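Overview (structure and organization)
Listed below are the residues making up each chain.
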Amino acid sequence: MLQSLMSLSDEDVSIVIAAIHKYCGDHGYDLHSPQGRRTITTALELIEHKRSTKNLLNDLDRRLHS
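Residues numbered from 1 in each chain as written. Predicted model: local features only at pLDDT ≥ 70, side-chain atom pairs only at ≥ 80, totals over all residues. Heavy atoms only, no water.

1. Details of unusual backbone geometry
Located in the positive-phi region is N55, a residue other than glycine, with phi close to 65 degrees. Mapped onto the elements of the fold, N55 is located in the loop between α3 (34-50) and α4 (56-64). Accessibility expressed as a relative area gives 45% for N55, which makes it partly exposed. (Helix = DSSP H or I, 4+ residues; strand = E, 2+ residues; numbered from the N terminus. Buried < 20%, exposed > 50% of the residue type's maximum accessible area, 1.4 Å probe, protein only.)

Next up, the structure:
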């Protein structure tokens, strides 16, 4: 799963990490909690399938609250 990050530019990796931190912070999730790990997993799945960081935060919200 982390392999998807290796194919991204440093800028895109920073965007993914920032989106995960923002989403978890907005929802009061600790990164090491089950919800935090689910957020990380979902973000990586989105990147793996879409290959784009554009609108990642919105995509996370849609995926995790559907």
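2. Digging into the nonpolar core
In this structure, L5, L8, V16, I20, I47, L56 and L60 are the most contacted members of the largest nonpolar core, which totals 15 residues. Breaking this core down by element, the ones donating at least two residues are α2 (10-27), α3 and α4. The element that contributes the greatest number of residues to this core is α2, accounting for 6 residues. Sequence-distant contacts of L60, that is, excluding residues within four places in its chain, are made with A19, Y23, T39, T42, A43 and L46. (Core = buried A, V, L, I, M, F, W, Y, C linked by side-chain atoms within 4.5 Å. Contact = heavy atoms within 4.5 Å.)

3. A word on the packing of aromatic side chains
Taken as a whole and judged by the stated rule, the model has 1 aromatic pair. When the centroid spacing of 6.3 Å and the interplanar angle of 55 degrees are considered together, the rings of Y23 and Y29 count as tilted. Using a relative accessible area of 3% as the deciding quantity, one classes Y23 as buried. (Phe/Tyr/Trp six-rings, centres within 6.5 Å; stacked < 30°, edge-to-face > 60°.)

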